[in-house]
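# A look at the structure
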Number of protein chains: 4
Amino acid sequence: MNTFGSILRLTTFGESHGAAIGGVIDGLPAGIEISLGKIADQTARRRPGYSTLASSRREPDEVEFLSGLMSLGADGIEPFSPGNDRAVTLGTPIGYIIRNNDARSADYEALREVYRPSHADLAWQQRYGIRDWRGGGRSSGRETAARVVAGAIARQPLESIGAAIRCKLVSVAAETDPTRFAAIIAEAARDKDSVGGIAECRVSGLPAGIGDPVFGKLQQNLASAILSIGGVKGFDYGDGFAITSLRGSEAADTIRVDNGAIRYGSNHSGGIQGGISTGGEIVFRAAFKPTPTIGKPLETINSSLENIVFENAGRHDPCIALRGVPVVEAMAALTLLDACLSAGVRFPSHNFQPGSGGI
Amino acid sequence: MNTFGSILRLTTFGESHGAAIGGVIDGLPAGIEISLGKIADQTARRRPGYSTLASSRREPDEVEFLSGLMSLGADGIEPFSPGNDRAVTLGTPIGYIIRNNDARSADYEALREVYRPSHADLAWQQRYGIRDWRGGGRSSGRETAARVVAGAIARQPLESIGAAIRCKLVSVAAETDPTRFAAIIAEAARDKDSVGGIAECRVSGLPAGIGDPVFGKLQQNLASAILSIGGVKGFDYGDGFAITSLRGSEAADTIRVDNGAIRYGSNHSGGIQGGISTGGEIVFRAAFKPTPTIGKPLETINSSLENIVFENAGRHDPCIALRGVPVVEAMAALTLLDACLSAGVRFPSHNFQPGSGGI
Amino acid sequence: MNTFGSILRLTTFGESHGAAIGGVIDGLPAGIEISLGKIADQTARRRPGYSTLASSRREPDEVEFLSGLMSLGADGIEPFSPGNDRAVTLGTPIGYIIRNNDARSADYEALREVYRPSHADLAWQQRYGIRDWRGGGRSSGRETAARVVAGAIARQPLESIGAAIRCKLVSVAAETDPTRFAAIIAEAARDKDSVGGIAECRVSGLPAGIGDPVFGKLQQNLASAILSIGGVKGFDYGDGFAITSLRGSEAADTIRVDNGAIRYGSNHSGGIQGGISTGGEIVFRAAFKPTPTIGKPLETINSSLENIVFENAGRHDPCIALRGVPVVEAMAALTLLDACLSAGVRFPSHNFQPGSGGI
Amino acid sequence: MNTFGSILRLTTFGESHGAAIGGVIDGLPAGIEISLGKIADQTARRRPGYSTLASSRREPDEVEFLSGLMSLGADGIEPFSPGNDRAVTLGTPIGYIIRNNDARSADYEALREVYRPSHADLAWQQRYGIRDWRGGGRSSGRETAARVVAGAIARQPLESIGAAIRCKLVSVAAETDPTRFAAIIAEAARDKDSVGGIAECRVSGLPAGIGDPVFGKLQQNLASAILSIGGVKGFDYGDGFAITSLRGSEAADTIRVDNGAIRYGSNHSGGIQGGISTGGEIVFRAAFKPTPTIGKPLETINSSLENIVFENAGRHDPCIALRGVPVVEAMAALTLLDACLSAGVRFPSHNFQPGSGGI
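Since the structure is predicted, the reported quantities are computational estimates derived from the model, not experimental observations.

Each helix and strand in chain A was counted, giving 7 helices and 20 strands. In terms of overall dimensions, chain A is globule-like: its C-alpha atoms have a radius of gyration of 22 Å, near the 21 Å expected for 359 residues. Taking the principal axes of its C-alpha atoms as reference, chain A extends roughly 70 × 60 × 40 Å. Taking the contacts inside chain A whose residues are at least 6 apart along the sequence as the reference set, 72% of them involve residues at least 24 apart. Split by element, the accessible area of chain A, about 11,300 Å² in all, is 48% carbon and sulfur. Here chain A carries 36 positive and 38 negative side-chain charges, and the mean point of each set is 1 Å from the other.

The following block contains the structure:
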């Protein structure tokens, strides 16, 4: 299963060191204006070289769009041009690819026979009986580049109705003071080790009434989205795990009407009641484990079922949570746009009807 | 959306005070033997009257099976009889209903115009513009009775290959000593208040190689299952949120081969690597909020958009986490059986082939 | 797989001689008014005793609705009452059952070991290794009663936007004069034999722009719907198979604008171009085979793999196409409403918003 | 909706004159050996220049595989190389693209404002309000090239269990003598006109027990597959529409056991009973309309809603049924492999298990 979503569906494909990774976005309404620059902004955030704290693999992550978009010129729509920032959706699937230019497969020959600890390697082999050993293959974090492209598209119609998605790290290695995060990560890197972290995502401006009450609860689909990201070990929303310390009388989000407007006295629920958005801020968290690939030696086995010690010689991210932040936003955007479409929300769109002069 | 699952699909229906709730289980292989007694055991665990700590509504929760099963007699299969413990699946959908006998709708007239705080009432109204106000309608916890029936069926083929699912409360109102849980809940009930709790589920005996590596990760589907339960605010697995305090070198599940058998040095990953089961114990947790319906007065609004104070006069559960435990097991069973079927696992089944004398 | 549809989904369950058959309709918008009398009208059309030409099994086909509906009283919505013709959808799944009262399973003991020719019996056994032999079990035409209920609901919102679905037999045993159909069928019945027929369905008033251009073409989903009916051997639409005799210049539906309105010069395409409705009349046909169960002796085998001669002693329909007509309409209604919902069509609905006084 | 299938899913994307068309095949088991040469054979059959009777657009249809495949070398699997005929599936999605090299968009400027009769142009515009006018955009027959690639892959595991799919034209413009087809088509081309035809597909070697009995009938999924092909106006199987002329006693496929083997006395049912394969030959037909694009002048309208006469100046296929033949085979292969996987059929595969020396 390589598809996510219900009305809005993202299908991704590609191995880390194959020819390319890519995706197909289906179910986006027609006539939605998309800024190509905003897509580039998002993919830049996920890219390894973006932060000096992250791994040094150079991946320009240049996206090539193959279908589903045309460009908006002075005289209406015209054939798609990547140089024109203003694209518009056709209502057809948006196919795109990102070439794996910096693959350096030779680097990975050493991994061919190793099952790295706390990686997918061994479980994958047991599942499929065949494995692309190069850089994690399909299990590589590189697959998330395709998600970030899709999320960067999905967030644009959300923004057009006033919804904003912002995620940031709120703890690294149990430290919650952000001014100390960089030092902690740098120290882990010096030790050839890695650290975990918690990312918190806040969504403002989502209308009330989004989400389904039984299966398809908004928190259910968000949890599914977030736990589909490699390295995430937990999800909670609103007060989350901490709410278990409160009494019902403390945890209640009381409701008031002020001048005809409905207001909540608190937001323990994280903007979702009974699976449906309340119109308040959506708040949820994702717990990222420390990167499993580290420079320190670890006991493991190889494909001949021999006990070995594995010491990663190549680059690694000392804190995958850092690069996870834009991926969390991307998955949130896809989930929320899908839920909005399911609930019948309409988004501002260009309409080139017969007689309108558009075409 | 009222359907859960991919190959194995559960569709539930029913409002809390309508004629009945029920479900349809589709995708179960043919010829699987099902003990009806084991189903009754599970539904008894979820029933309000099961614990003296839970709400006093009497719901015998008598399940009537309408299709998909025949009985196993001395001479092979025969028409389904609820008195015969040994049922066998036909490979057709299993439809079943539970009548809402103790509905006492009149009790709920008072709720007709109230939007209870931290309930689905208001968000539901904003979503649908129409609402069955009686006892939460479709958003009632009663819907989970249909899930427990389905889970009680799904766990049986899992048990037949050696997998066992066990969930229990590991904290109540932040207290982790189980001998103190009853007193804490009783005290909350005396105060007309409620408490939250954390349930931990452990699954042993699941084969390695179950789950998909990108979308359809085992933890993703478990998270989706658990967050679809009303009142659950968080999910984590393995070390979960706590893993963010560890370094990569501490969190690594090293691997060894001993006498040809693959063994892990630890289980920080909770039995799942890269979305796929490792063969180790699956461990995950669900955080339940305190019951939102309490006897204490709470500020809220009514459907005329007036500010009111709502004081629940009727029964309520002082700790929904208690009754959530069998629901967590049920959703885990459905998710894991679905994942096993997707991965091609075959389960022991009766086969009445032509010429076998079966029929 | 026992579910049909994408946004609007019908799941059916039940064996012909089990406790009940039934269905769950999910995805219907909230607030849609449904006349219960119109449902009864449709189920009456499918019922065996409806025509003197059909089988004599008495099936009152009394539908019990279990969920998803409330009633519309003088003061707004109220608990569902089957005696009130005016029901309204809650947006939750509509569950319903039809008890199998006239089951007479004993009649079917003779079938226990017989694989009837041109029936599902043997292929079913090869697929599942277990079989409810009574009256065809899940393969019985009785399953279509659940579809007719769902179709009778689905056609009501379609009617509210002006769409009308009408199906009739256009040929019986190759005869196209309807005044002769009754005599042909009666003659076949006298001969303990059966005849086939072709049903033609016409849908007027469907808006332009319904259907998807690649997968999910309107004709594709209609074909899937119609071929899911037992006994149907073919589907075509517009000029159908006959169009293969025309040249492109003859088959073209020319287009004109008259006083601002778009008009087609012909309707060879049956109201669908490129998978999308044109706004013209949708026309399609279903070919029903002659009933396979007949009174004449036929060579076949039993479950001991012995060659036998089977002579059906019980009732049978001399022409299943007759009873197929309302089933075709039902499947068309489900397909078209689903396609309308996918395309974003909105249907007139009651809205009991906060402050509206509805509740 | 641009996805077809249930367990095996094909998602296609791409407009006729965009950068590329392509597809993603998901759900194929791991370790299946695929000959790249056999894929090229199939795409060659669909290509416009394949027959002298078809349109002259040169489309080399060179497929670039981006993911999901590795190559089979002397020492086991190795990175995918298009020059090595022996590829093997990874169990991950197979992404592929075909560049639109011979697009000549300028040719299509004339079509920008024309709604061609019996094309998707106008209905598309009414559906989406925006349209890629170049060569039909997404509605172009070119989309089927992506299907043929997928079908050429899907048929290989089917062949490995002995199933063979063969489709051919059985009538052109009502003529059933194949030796006269070429002359009829050439004559239509000379007249700047086009002709329709009927393709018949036969599948031998499919095991008994494939297909589902209610929704998901084998004939239902085949009909859905075939009607998803542009230009197809009808589908029937077995005796199809002609069976309506037979009596039940004539249409019965009697069954016999000969030396322990089950044999049918006839195959009126086309190898399917009750939605499930019988093990006999699957036979079905597709009716293709005459190509709507012809050189003769036709009345139509433009996007300014003016009445115009449209005369196609460019190339056109005088008989799309010709090129439809390999598309029918492709869609049949996808449908049947999907049904086999749903029914649990296992296909011969390479397994490079730990310790096997494979990797």
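The next point concerns helix 1 (residues 36–46) of chain A. Residues and elements named next belong to chain A. All buried positions along helix 1 are accounted for by L36, I39, Q42, T43, A44 and R46. Considering only its buried residues, helix 1 is in contact with strand 4 (33–35), strand 5 (63–65), strand 8 (86–89), helix 3 (144–160) and helix 7 (320–342). Measuring from the backbone nitrogen of G37 back to the side-chain oxygen at the start of helix 1 gives 3.3 Å, which picks out S35 as the cap.

Taken over all residues, the pLDDT of chain A has a mean of 92, while the share at 70 or more is 93%. On the interface metric, ipTM, the complex scores 0.96, and its pTM is 0.96.

Our focus in this paragraph is the interface of chain B and chain A. Counting residues at the interface gives 98 residues for chain B and 97 residues for chain A. Of the roughly 7,700 Å² buried between chain B and chain A, counting both surfaces, carbon and sulfur atoms make up 60%. The largest contributions to the chain B side of the interface with chain A come from F215(B), K233(B) and R247(B), which together make up 11% of the buried area. On the surface where chain B and chain A come into contact, there are 4 salt bridges. Between D191(A) and R247(B) there is a salt bridge; the shortest N-O distance is 2.6 Å. At the surface where chain B touches chain A, the tally comes to 33 residue pairs in polar contact (both at pLDDT 80 or more). The residue makeup of the side of chain B that touches chain A, split by class, is 44 nonpolar, 35 polar and 19 charged. Strand direction decides the pairing type here: strand 13 (residues 232–237) of chain A and strand 13 (residues 232–237) of chain B, joined by 3 bridges, are antiparallel.

All names here are of chain A. For the pair helix 1 and helix 7, the least separation of the axes is 7 Å and the interaxial angle reads 145 degrees. In contact with Q42, R45 and R46 of helix 1, helix 7 contributes R323, V325, P326, V327 and E329. Among the residues making up the contact of helix 1 with helix 7, the classes are represented as 3 nonpolar, 1 polar and 4 charged.

All right, on to the sheet that holds strand 9 (residues 94–99) of chain A then. All names here are of chain A. Judged by pairing direction, the sheet is antiparallel, and its 5 strands sit side by side in the order 1-2-3-9-5 without closing on themselves. Two strands in the sheet have a free side with no partner beyond their single neighbour: strand 1 (3–4) and strand 5. Across the sheet, helix 3 touches strand 2 (9–13), strand 3 (20–26), strand 5 and strand 9, and the angle it forms with strand 9 is around 140 degrees.

All names here are of chain A. For strand 2, the tally of buried residues reaches 5 of 5 residues, placing the bulk of the element in the interior. Here strand 2 shows no split at all, with R9, T11 and F13 on one side and L10 and T12 on the other all buried. Summarising the sheet, strand 1 and strand 2 pair through 2 bridges and their orientation is antiparallel. By the bridge assignment, F4 is partnered in strand 2 with L10. Summarising the sheet, strand 2 and strand 3 pair through 5 bridges and their orientation is antiparallel. Residue pairing across strands places T12 opposite G23, the latter belonging to strand 3. Linking strand 2 to strand 3, which pair antiparallel, is a turn of 6 residues; within it G14 sits at a positive phi near 115 degrees.

Here the focus is the relation of the copies chain B and chain A. When chain B is fitted onto chain A, the two copies agree to an RMSD of 0.0 Å after a turn of 180 degrees and an axial shift of 0.0 Å. Such a combination of turn and shift is consistent with a two-fold rotation axis. Take the interface residues of chain B: 99% of them recur as interface residues in chain A, which is what a same-surface contact looks like.

With that settled, consider the pattern of salt bridges. Residues and elements named next belong to chain A. A complete count under the given rule lists 89 salt bridges over all chains for this structure. The closest approach of N and O atoms between D132 and R134, which form a salt bridge, is 2.9 Å. Residue classification places R134 among the buried residues on the basis of a relative accessible area of 6%. Among the charged side chains, a salt-bridge network with shared partners connects K38, R45, R155, E159 and E329.

On to the sheet that holds strand 20 (residues 307–310) of chain A, then. Residue and element names in this part refer to chain A. With respect to topology, 3 strands assemble into an open sheet ordered 10-19-20, the strand pairing being antiparallel. Two strands in the sheet have a free side with no partner beyond their single neighbour: strand 10 (114–115) and strand 20. Relative to strand 19 (residues 298–302), strand 10 is paired through 2 bridges, and the arrangement is antiparallel. If you follow Y115 over to strand 19, its bridge partner there is I301.

Moving on to the packing of aromatic side chains. Evaluated as defined, the whole model comprises 26 aromatic pairs over all chains. With a centroid separation of 4.8 Å and an interplanar angle of 45 degrees, the aromatic rings of W124(C) and Y128(C) are classed as tilted. Separated by 4 residues within a single helix, W124(C) and Y128(C) lie in helix 2 (residues 121–128), roughly one turn from each other. Accessibility expressed as a relative area gives 14% for Y128(C), which makes it buried. Among the aromatic residues, ring-to-ring pairing joins F65(A), F80(A) and Y96(A) into one connected group. Positioned over the ring face of W133(B) is R112(B), at 4.1 Å from the centre of the ring.

Take the nonpolar core next. Counting residues in each nonpolar core, the largest one holds 148 residues, and the members touching the most others are L158(A), F284(A), L158(B) and F284(B). Beyond its immediate chain neighbours, meaning those up to four positions away, L158(A) contacts A163(A), I165(A), L206(A), A333(A), L336(A), L337(A), C340(A) and F347(A). Grouped together as the second largest cluster of nonpolar side chains are 146 residues, I21(C), I32(C), A145(D) and V148(D) included.

By the element assignment, N2(A) lies in the segment before strand 1. The class for N2(A) is buried, based on a relative accessible area of 4%. Within the structure, the side chain of N2(A) is placed 3.0 Å from the side chain of R138(A), a separation counted as a polar contact. The residues touching N2(A), leaving out its near neighbours within four places in the chain, are L10(A), T11(A), T12(A), R138(A), V214(B), F215(B), R9(D), D26(D) and P93(D).

Cut-offs applied
Residues numbered from 1 in each chain as written. Chains lettered and ligands numbered in written order. Predicted model: local features only at pLDDT ≥ 70, side-chain atom pairs only at ≥ 80, totals over all residues. Heavy atoms only, no water. Helix = DSSP H or I, 4+ residues; strand = E, 2+ residues; numbered from the N terminus. Rg over C-alpha atoms; globule rule 2.2 N^0.38 Å. Contact = heavy atoms within 4.5 Å. Areas by Shrake-Rupley, 256 points an atom, 1.4 Å probe, with all protein chains shown as cover. Lys, Arg positive; Asp, Glu negative; His and termini not counted. Charge placed at Lys NZ, Arg CZ, Asp CG, Glu CD. Buried < 20%, exposed > 50% of the residue type's maximum accessible area, 1.4 Å probe, protein only. Polar contact = N/O pair within 3.5 Å; in protein donor to acceptor, adjacent residues only side chain to side chain. pLDDT = per-residue confidence, 0-100. Buried area = accessible area lost by both parts, 1.4 Å probe. Salt bridge = Lys/Arg side-chain N within 4 Å of Asp/Glu carboxyl O. Nonpolar A, V, L, I, M, F, W, Y, C, P; charged D, E, K, R; others polar. Pairing = 2+ DSSP bridges. Axes fitted to C-alpha atoms, helices over the stretch in contact; angles between N-to-C directions. Least-squares fit on C-alpha atoms with pLDDT ≥ 70 in both. Phe/Tyr/Trp six-rings, centres within 6.5 Å; stacked < 30°, edge-to-face > 60°. Lys NZ or Arg CZ within 6 Å of the ring centre and 35° of its normal. Core = buried A, V, L, I, M, F, W, Y, C linked by side-chain atoms within 4.5 Å.

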